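# Residue-level structural notes
In case you want the letters, here they are:
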Amino acid sequence: MFDSVYAQLVGLCTGALLLTSALMVWRHTLLASIRLLSAQGLSLAALVAVIGVQENEVELLFVALLIIATKGVGLPWVLAHETEAGARAIKEAPRLNPTASLLIVTILTILSYIVMSQLIGLGTSVTSHAAPIGLAMVLIGFLLLISRRRARSQLIGFLLLDNGIATVAFLTSGGVPILLEFAVSLDVLLVVVILYVFAGRMRNKFGGTDVDQLRELHD
Amino acid sequence: MSAVTAGLLLQLTLAAVAVTIALLVAPAWRSRATGLASAALAAVGLATGLAAMTGASGTLTIPVVLPMDALTLSPDRLGGLFMAVVSAVGLIVSLFGMSSARRGPEGSRTAWAAMPVFLVGMQLVPAAADSVSFLLAWEIMTLGSTVLLLADHAARASVSSAGIWYSAMSQLSFFFILAGFAVLAGATGGTSFTAMATVEPGSFAANLAFVLFVLGFGGKAELVPLHVWVPRVLPEAPSHVSAAMSGAMVKIGVYGALVVCVRLLPEAPAWWGIMIMVLGGASALYGILQASVSSDLKVLLAYSTTENMGLVFLGLGASMLLRSYDATAAADTALVAALLLAVSHAAFKATLFLGAGAVIHATGERNLDRLGGLGRRMPWTAAAFGIGAMGAAALPITSGFVAEWMLLQSLIHGGRLNGEVVSVAASVAMPLAVAVIALTAGLALLTFVKAYGIAFLARPRSPEAADAREVPVMMRLALALGALMVLALGLLPGPISEAVLATVASSGAGAASSSADTAVAAIGISGVALPGIGAVLDPLLLTILAALVGIPVLIAIVLSAAKHPARANDLPWGGGGSRARPRMQYTATSYAEPLVRVFDDVLKPTRDVQVTHVGESRYLVERVQVEQKVTDVFETRFYRPMLNFLQRFGIVVRHVANGSIHRYLTYSFTALLIVLIVVSL
């Protein structure tokens, strides 16, 4: 019975992942981006849980709980912490206008489908068919890194990139061992905390986190 | 555990001990304690080297964590010879430094800690039996010498500039050597020297590796056009460090070239030999030309190093050329001559640089035009410097003479084998090489007559020179040891020639030739014979003969002089003055003036004459100031344009890397996309 729903559930989850990624490029306020990131973390957890049920692996369910804890709740909470009010006000002045960036997102998604089909073949299974979504998320994360000026918005691009890598891992090989997943999650958490503290310091010191201004120090 | 292994272990331990002493001991005792520890390190290295040179073998294997073979130190006879040479130089340099580098930046903690590092690096390069440990020891050596060079950087800006040149040229050399080893390792699949020696002779890999090695080791051995660091670095380093650099480190460059030509790639085609000969000949001529017109004592010695290394490479190239035409007796003789030249250069150039150091210690001057009359005030230094200068000018009773004599013999007789012409190339190259050596020897004589005569004879040209005092006893001891070594190698060349021959006969190219054991034979302890060529030299006997002839003549002169008491001559026409003043003497610049005119096209000197007239009269001159600068043609015509181009390129490229993180991320992103697209095509 579950088999018939399985393909649709996987499609739903990966679709949600791609949709949240595209929305992150479109929306400009920091708070909206953080919420989208949280939604994306939950979608990723759902995807892992669905795969776990299908493959009858209890371990994957634990991984799903871990993902909910870190990517769904932990990281967004750290990001939104203490700037709940401020985040609403922080508006990004992006280097690309929304229309152009959405167009690029489309091109990147198409590109990742082409690349994945050439590279590993889309295969017959449902999960490997959806694998290009992961690559597309990686590329979109990269695009965010490039197009955003503020350090915190770039952090979100970085997390999107990380989510993309995790998605590819789960879709192509059924996930990495739980210990590794645990370590990677903690790593990312640590990086985010450090960068976050760093960004806070930058804002206190220079009154803003526009990375473009950093080159003044260099010259 | 064999003696050599124990020696190598002891060297590593002593180096660590010496560094610790330098770091911990109080400043008042630092130079003495560290100098003693360095001297002990050098003495152990000397013993190990001598043992390895006479045939003892031993291996020290150092396991490493990295995924590669263990580091293997196992000096062969050739390596032992060079280890002994650099250690002997290190010994007298350490003794000298104990006294000369006592205070100031030269005696700082950092400088003294770098000294044992430099020494042990130089000792381990000849011990290395695989390319990885060779390169590691090479870098240790470079690191130590760079720190030592920079000792005085705070006080003089020219030291920093020299440091930059030295680092850049050292890294260039290292890059070429690394690339050479990489090519050989790629072609043979091993990093040990024995594995690399299996490369197919005449293959593209062998040729490419050879050219890379020549560029790399030629840079360290100061060959033209890679010598540009020499006239900056050797004069600016503290004198005992310049002595170690010129006497020992440069020999490591020669050793590298020998490893390549004798051990790794013994079957050389003729063009390799010709290439080395051309490089060596050009270096010899250019080096001695620059030395002969220089009026800075240390610059003069630095350029003279280039000249001597040029002669060594000339001998090496001649040996390779002759061997490729099967004239093995002459080839072996030329190789032995090249090695002897390297050994004797270590002895006399270390002595000369230490002598220059003593002069600087006493007067604070290294400009010959402001020295003079030091012979009477500093007899020990003058004697040692004189003996070193005789060695550098290749005069009899010194080591330089024996080596150059042997080299000339092999070149003169090398073109023919059993009365037949060996080849056209050899019969053109050999006479040309002889001509180069002849010109070089003549100019070297002139150069060192100038260096000794202007600095130590005549009357002081400055108050500093007039107030000079003899240096402390430790420096005198080091100078005396160096000078004795020059004399011993020159008067008793038998043992060292046999030992050098044994190293040639035991390794690569020499082992293949039948005549290697008999190319040079010692007669007693003092004589040398070249049976393959049919020439004999016995310096001691010659000296005794000359004395037998000369002493009666001298006695006769002295007796006749005693009969006629000396007359006091006044100046026939003094032009108003009664006696010649010190300023009327020849100076280094005026002595070299004819040479500068003759070689005007090569040296491109710039002259600046300023005449100040008295009042309104243009007939009366108050003051004339002449300034002459000889620049290095290679630097102004080759390196400067290249550096300028690189700088312009750098300014243009600065826009590409403007510090914006977005731009860097865009580069990575674009690269990623391009890779993805290319992979999926």
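Residues numbered from 1 in each chain as written. Chains lettered and ligands numbered in written order. Predicted model: local features only at pLDDT ≥ 70, side-chain atom pairs only at ≥ 80, totals over all residues. Heavy atoms only, no water.

### A short note on the interface of chain A and chain B
Contact with chain A, which involves 18 residues of that partner, is made by 15 residues of chain B. Here chain A is connected to chain B by 0 salt bridges. The tally of links from chain A across to chain B stands at 2 residue pairs in polar contact (both at pLDDT 80 or more). For the side of chain A that touches chain B, the secondary-structure elements that each account for two or more residues are helix H5 (98–119), helix H7 (132–147) and helix H10 (215–218) of chain A. Grouping the amino acids of the side of chain A that touches chain B by side-chain chemistry returns 10 nonpolar, 3 polar and 5 charged. (Contact = heavy atoms within 4.5 Å. Salt bridge = Lys/Arg side-chain N within 4 Å of Asp/Glu carboxyl O. Polar contact = N/O pair within 3.5 Å; in protein donor to acceptor, adjacent residues only side chain to side chain. Helix = DSSP H or I, 4+ residues; strand = E, 2+ residues; numbered from the N terminus. Nonpolar A, V, L, I, M, F, W, Y, C, P; charged D, E, K, R; others polar.)

### Quick look at the environment of Glu635(B)
Residues and elements named next belong to chain B. Considering the arrangement of structural elements, one finds Glu635 in helix H25 (residues 633–653). In this structure the C-alpha to C-alpha distance between Glu635 and Leu178, which are 457 residues apart in sequence, comes to 25 Å. The residues contacting Glu635, other than those within four sequence positions of it, are Trp165, Val228, Arg232, Arg640 and Pro641. In this structure the side chain of Glu635 is engaged in a polar contact, spanning 2.5 Å, whose partner is the side chain of Arg232.

### Brief notes about helix H17 (residues 424–456) of chain B
Within an α-helix, residues lying three or four positions from one another point in the same direction, as the helix has 3.6 residues per turn. A rise of 1.5 Å per residue sets the reference length of H17(B), with its 33 residues, at 48 Å; its end C-alpha atoms lie 48 Å apart and thus fit the reference within 8%. Count one or two residues on from H17(B) and you reach Ala458(B), which has phi positive near 60°. (Expected span 1.5 Å × (residues − 1).)

### A short note on the UniProt feature "transmembrane region" (unreviewed entry) in chain A
All names here are of chain A. In the numbering used here, UniProt assigns the "transmembrane region" (unreviewed entry) feature to residues 6–26, 33–54, 60–79, 100–120, 126–146, 155–172 and 178–199. The distance separating the terminal C-alpha atoms of residues 6–26 is 30 Å; by composition the span is 100% helix and 0% strand. Summarising residues 126–146: 95% helix, 0% strand, and an end-to-end C-alpha distance of 32 Å. (UniProt positions renumbered as here; feature names shortened; annotations may be inferred.)

### Observations concerning the pattern of salt bridges
Two side chains of opposite charge can pair, provided their charged atoms sit close to one another. Residue and element names in this part refer to chain B. On inspection of all chains with the given rule, the structure shows 11 salt bridges over all chains. A salt bridge links Arg370 to Glu464; the nearest nitrogen and oxygen atoms lie 3.2 Å apart. Separated by 94 residues along the polypeptide, Arg370 in the loop between helix H13 (328–363) and helix H14 (374–377) and Glu464 in helix H18 (residues 463–466) bring together distant segments of the chain. Take Arg370: its relative accessible area is 32%, and that puts it in the partly exposed class. (Buried < 20%, exposed > 50% of the residue type's maximum accessible area, 1.4 Å probe, protein only.)

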